[in-house]
Amino acid sequence: MTRPYAIALCFGFIAAFLMGANSVIVRYLTGDLHGLQIAVFRLWIACFVIFVMLKLSGRRLNLFRLDRFTLLASTGFTLNYITFHIGLEHTSATNAMVLENTAPFFVLLFLVIAGVERVRWFDVLATCLALAGVYLTVRHDFDAGAGESLIGDFWELGAGISWAIFIVGSARAVKQTRSTMDRMEVLLKILLPSAAVLSPSLLFYPLEASATDAFLLVLLGVLSTAFGYYLWYEAMATVSTVTAALLAVLSVVFTFAIAYVALGEEMTPDILIGGALIITGVVLPGILNAREQRKASETQPAVGSEAD
């Protein structure tokens, strides 16, 4: 594994930790606020933070200039929030988490169909390991398609598909960037339309936020969204699209770890084994890809050597 790749993975692990913390905080906030309200507020806060950082850097922005990949990512991101929260009203949080995290499978499928990026055998293996890990962490509570949850489960499967669209669009947009500020601008162009489209949902639910809720919303917007997604995009610039998708799945591990430390929730053997499988799935492609490249370089004839 090369040094730049290892650094990118470190960024991705920090991003996954922040996303995992986000899940724990949202669990607390849903006692006072609807999920879509939380989403809208955190998105606007994140957009404001990113906009200020870009302006302080002296960058000239053209927020209405969207390429097809940025538009694809923003569409997927918006649909993910809508389908996830609609589905959550009809199914369990466990089913929602598992089905949304089927996104890496759909990422593989989209990449194969579109042919925009090479999918290697170890990408498939890593995805299988990670998905098996997600299932293991919650298998005792997972009951997809049971009773009245069937409709909700279909919505959550749609959340997984739309999340995959967001990841593929983001990855293609990020691969075209050259600097951190470029990637930050891409992130702003993706989040801003989503915040605008989702904002009318604020009218559907009563707003009963406390001062603590407001503080946590700011925390979500600044750390989990602006900073977390920025670090994820920095990782995405180096790793494959499949690994970028698996880094998002890694947030499941940190969700359980943070809940164990902060809330005293139980840490079962299934969670530990599942977490190990997810981490293996994230790290494995980088190791095997480096080995492939090393073998390829060893088999190539030296420059300037004469043919036999």
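Residues numbered from 1 in each chain as written. Predicted model: local features only at pLDDT ≥ 70, side-chain atom pairs only at ≥ 80, totals over all residues. Heavy atoms only, no water.

> Could you clarify how one ought to interpret the overall build of the protein chain in this entry?
In terms of regular secondary structure, the protein chain is built from 12 helices and zero strands. Starting at the N terminus, the α and β elements of the protein chain follow one another as α-α-α-α-α-α-α-α-α-α-α-α. In terms of overall dimensions, the protein chain is globule-like: its C-alpha atoms have a radius of gyration of 20 Å, near the 19 Å expected for 308 residues. A principal-axis box enclosing the C-alpha atoms of the protein chain has dimensions of 80 × 50 × 35 Å. Here the protein chain holds 308 residues, and the buried ones make up 50% of them. Across the protein chain, the fraction of contacts at a sequence separation of at least 24, relative to all contacts at a separation of at least 6, is 89%. Here the protein chain has roughly 15,000 Å² of accessible surface; of this, 65% comes from carbon and sulfur atoms. If the 19 positive side-chain charges of the protein chain are averaged to one point and the 23 negative ones to another, these points end up 14 Å apart. (Helix = DSSP H or I, 4+ residues; strand = E, 2+ residues; numbered from the N terminus. Rg over C-alpha atoms; globule rule 2.2 N^0.38 Å. Buried < 20%, exposed > 50% of the residue type's maximum accessible area, 1.4 Å probe, protein only. Contact = heavy atoms within 4.5 Å. Areas by Shrake-Rupley, 256 points an atom, 1.4 Å probe, with all protein chains shown as cover. Lys, Arg positive; Asp, Glu negative; His and termini not counted. Charge placed at Lys NZ, Arg CZ, Asp CG, Glu CD.)

> So what exactly am I meant to see when it comes to a nonpolar patch on the surface here?
Taken together, the side chains of I14, V218, V222, L223 and F227 make up a nonpolar region of the molecular surface, amounting to roughly 370 Å² of accessible area. Examined against the element boundaries, L223 turns out to sit in helix α9 (residues 211-236). The exposure class of L223 is partly exposed, given its relative accessible area of 36%. (Patch = residues over 30% accessible without salt bridge, like charges linked within 9 Å, V, L, I, M, F, W, Y side chains within 5 Å. Salt bridge = Lys/Arg side-chain N within 4 Å of Asp/Glu carboxyl O.)

> Help me understand the nonpolar core in this model?
It is characteristic of soluble globular proteins that their nonpolar side chains tend to be buried jointly. Ranked by size, the top nonpolar core spans 71 residues in total, and within it F77, W163, F166, W232 and Y233 carry the most contacts. Leaving out residues up to four positions away in the same chain, W232 has contacts with A15, M19, W163, F166, I167, A244, L247 and A248. If you look at the next biggest cluster of nonpolar residues, it comprises seven residues, including L33, I38, L217 and L220. (Core = buried A, V, L, I, M, F, W, Y, C linked by side-chain atoms within 4.5 Å.)

> Hey, could you run me through the environment of N22 in this one?
Its place among the elements puts N22 in helix α1 (residues 3-29). Note: C-alpha distance between N22 and G221 (199 residues apart in sequence) is 9.5 Å. Once residues lying within four places of it in the same chain are set aside, the contact partners of N22 are R42, L220 and S224.

> Just to check I follow, could you spell out the pattern of salt bridges for this structure?
Where charged atoms of side chains with opposite charge meet at close range, the side chains can pair. Under the counting rule described, the total for this entry stands at seven salt bridges. Between D270 and R139 there is a salt bridge, and its shortest N-O distance comes to 2.8 Å. Of the two residues, D270 sits in helix α12 (residues 269-299) while R139 sits in the loop between α6 (121-138) and α7 (149-175), which places them 131 residues apart along the sequence. A relative accessible area of 13% means that D270 is categorised as buried. Ionic pairing is found between K189 and E185, a salt bridge with its closest N-O pair at 3.3 Å. Here K189 pairs with E185, and both are found in helix α8 (residues 180-198), just four residues apart, close to one helical turn.

> Which parts of the structure should I look at to understand the side chain of N289?
With respect to the helices, strands and loops of the structure, N289 is situated in helix α12. On the basis of relative accessible area, N289 is assigned to the buried category, the value being 17%. When sequence neighbours within four positions are dropped, the list of residues in contact with N289 reads R120 and F122.

> Would you explain the packing of aromatic side chains in this entry?
To describe a pair of aromatic rings, one takes the distance between the centres and the angle between the planes. Applying the stated criterion across every chain, the model contains 15 aromatic pairs. Taken together, a centroid distance of 5.8 Å and an interplanar angle of 50° make the contact between F166 and W232 tilted. Taken together, the residues F166 in helix α7 and W232 in helix α9 connect sequence positions 66 residues apart. When sorted by exposure, F166 lands in the same class as W232, which is buried. Here the aromatic cluster, defined as three or more aromatic residues joined through ring pairs, consists of F77, Y81, W163, F166, Y229, W232 and Y233. (Phe/Tyr/Trp six-rings, centres within 6.5 Å; stacked < 30°, edge-to-face > 60°.)

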